[in-house]
Every structure is written in C-alpha cells, then in structure tokens.
Amino acid sequence: FDVMGRLAFGKDYGMLDSGEKHWALQLLSDGMEPLGLNLPTWLFRMLTSVPFLAAGYHKFVRFCTEETVWRVQNDGKKGAGGGMDIMGWLLKAYKDVPHPEQDTMLHADARLIIVAGSDTTAATLTFLFYHLAQEPAIVEQIREELRPLTQGEWHDKDIHNCATLNGAINEALRLHPPVPSGVQRTTPKEGMHIGETFIPGGTQYWMPQYVMGRGKHYPTFEICSTLPFPEN
C-alpha cells in the first residue's frame, strides 16, 4: 500500500514507519469482496445500488475519490509526486480542464491504480518470497545478478533486464496469478471445439489464468525451472 501511494499519488501513507496498517486496507478488502461472487456485470451494478448490500464497496469508492481530489489539489506541490507519479501523467491530459477531480473516468482510473497497485502487488510478492525461501540457490543467483547493478546511485530501469529476477517474478505470476479472473471471450457463430468438446456459437467463456498456468503445454521460465510446480 505504501508502494502504491508513492507510485500512484506521490503520497506516503507511513505504514513502513509506523508498522501499522492503513485503515483503507480494510476498505479495500470490503470493497473487493463482492467481486468474489463473479456476478454478471449488469447484476453487480444493480446490487451496488442497494446501500446495505455494498457498504464496503461504497466506502472504498469514496476513499478513491478523496485521494483523487487530494492529488489534483496538490498537483505540483511538494510531497505530491512532483508530477512524476502515475496520476501526474494522467493529469497531463486534463491540462485545460477546470476541475479534473470531478471527472468520473479519472475516479475510475484512481480505483484501478489503488487496487492493481496494492492488492495484486502484495499477493505477488508474498508468493514470490514464499518460493524463493525454498530455493536459496536462486536467491543467490539474483543477488549476484543485482550486485553489480545496484552500486551507488541506481534506478529501477537499471535492473529491467535481469533475467533471473524477471524469471522468478514471472514464475510466481504463472503459479499464483494475482488477478482473480481470466480473459473473457465469445465463441464464433459457427462454434468451436476445445479438445473433444464442442462449444456452441455465441457462448461467452472465461480463460482462467490459474488453470492456464498449470496446463502441461503452458511455457515455464527455464531460469526458474527448479521452483516447485504444483501437481494440482
């Protein structure tokens, strides 16, 4: 959440310093809970209109809106990213707009940044460190790879092409995709076969990443082939 705050809004929530969770983290969990039902979009929109059914969701939306308003009002000020955070880049498109903080699309972008930048990052890092804790040899490879690139003053772009580090991250993402859904597709009008099963035309289906990542034909990352590969 601290990382998301710095990258998205140029704002420090102070969790690393205080050792305490930010109150908005519970809002994030409450706000995302209805998504676990995997309801059709039209039904989800209807249910969010019923106050007592989606109280946590609405609290989370208000928090995202308040963060957007704060960032717009503090644009260019010290402690607000100096225009180099994600919202700073988005606000460049609102250069001639009187009140960008009132734009619903910007609010939606803020919600996406907060969710994608905190919940998914936390899950990915948790699984990455879990596997690396069981593979000290790979940990040492990553250290050897990073050591010459992180001497003195360095930036994230200096480690973009680290094969072992990227392999470990990608392998963690393959085994434990942090997004709890897949890509939606619709079969062509003539239908299609998946293996020996025929799917009629016009059928909507999901391509779940968790299952795809465990398919026998799905590519693994050779540099981290020793990471545990679950059987199920």
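Residues numbered from 1 in each chain as written. Predicted model: local features only at pLDDT ≥ 70, side-chain atom pairs only at ≥ 80, totals over all residues. Heavy atoms only, no water.

A.B. asks: Help me understand the confidence of the model for the protein in this model?
C.D. replies: Close inspection of predicted coordinates is inappropriate in any region flagged by low pLDDT. For the protein, per-residue confidence averages 81 on the pLDDT scale, and residues scoring 70 or more make up 84% of the total. Considering each helix and strand of the protein separately, the mean pLDDT is smallest for helix α3 (residues 24-32), with a value of 71, and largest for helix α8 (residues 136-146), with 93. Long-range and interchain partners of residues 225-232, a stretch whose pLDDT sits below 50, account for 19 contacts in this model, where long-range means more than four residues apart. (pLDDT = per-residue confidence, 0-100. Helix = DSSP H or I, 4+ residues; strand = E, 2+ residues; numbered from the N terminus. Contact = heavy atoms within 4.5 Å.)

A.B. asks: I'm lost on a nonpolar patch on the surface in this one. Help?
C.D. replies: There is a patch of nonpolar side chains on the surface, built from V3, L7 and I86 and spanning about 270 Å² of accessible area. By secondary structure assignment, the location of I86 is in helix α6 (residues 86-91). Residue I86 is classed as partly exposed on the basis of its relative accessible area of 38%. (Patch = residues over 30% accessible without salt bridge, like charges linked within 9 Å, V, L, I, M, F, W, Y side chains within 5 Å. Areas by Shrake-Rupley, 256 points an atom, 1.4 Å probe, with all protein chains shown as cover. Salt bridge = Lys/Arg side-chain N within 4 Å of Asp/Glu carboxyl O. Buried < 20%, exposed > 50% of the residue type's maximum accessible area, 1.4 Å probe, protein only.)

A.B. asks: I tried to follow helix α1 (residues 2-9) on my own but got confused; where do I start?
C.D. replies: Side chains that are three or four residues apart share a direction in an α-helix, a result of its 3.6 residues per turn. Within α1, the full set of buried residues consists of D2, M4, G5, A8 and F9. The arc that holds the buried residues of α1, viewed along the axis, is 160°, so those residues lie on one side. Across α1 from its buried face, at more than 90 degrees, point the exposed residues V3 and L7. Here the buried face of α1 lies against α2 (15-18), α5 (55-73), α6 and α7 (104-133). Of the residues trailing α1, G10 is marked for its positive phi of about 65°. (Arc of directions from axis to C-beta.)

A.B. asks: Can you walk me through the packing of α5 against α7 in this structure?
C.D. replies: Helix-helix packing is described using two parameters, namely the angle between the two axes and the distance between the axes. Look at α5 against α7: their axes get within 9 Å of each other, and the N-to-C directions meet at 110°. Of the possible angle classes, the one that applies to α5 and α7 is roughly perpendicular. Residues F60, V61, F63, C64, T65, T68 and V72 of α5 lie in contact with α7, whose contacting residues are L106, H107, A110, R111, I114 and V115. For the contact of α5 with α7, the per-class residue count stands at nine nonpolar, three polar and one charged. (Axes fitted to C-alpha atoms, helices over the stretch in contact; angles between N-to-C directions. Parallel < 35°, antiparallel > 145°, perpendicular 65-115°, else oblique. Nonpolar A, V, L, I, M, F, W, Y, C, P; charged D, E, K, R; others polar.)

A.B. asks: Mind showing me how you'd approach the environment of D75 here?
C.D. replies: Examined against the element boundaries, D75 turns out to sit in the loop between α5 and α6. It is 9.7 Å that separates the C-alpha atoms of D75 and G10, two residues lying 65 residues apart in sequence.

A.B. asks: It is not clear to me how the side chain of H107 should be interpreted in this structure. Could you clarify?
C.D. replies: With respect to the element layout, H107 can be found in helix α7. Those residues within four positions of H107 in sequence are excluded, and the remaining contacts are T65, T68, E101 and Q102.

A.B. asks: Please explain the pattern of salt bridges as it appears in this structure.
C.D. replies: Oppositely charged side chains may form a pair once their charged atoms are brought near each other. A full pass over the atoms with the stated rule returns six salt bridges. The residue E67 makes a salt bridge to K11 at a minimum N-O spacing of 3.1 Å. In this pair, E67 is assigned in helix α5 and K11 in the loop between α1 and α2, connecting sequence segments 56 residues apart. A single burial state applies to E67 and to K11, both of which are buried. The closest approach of N and O atoms between E144 and R147, which form a salt bridge, is 2.6 Å. Taking the relative accessible area as the measure of exposure, R147 reaches 38% and is therefore partly exposed.

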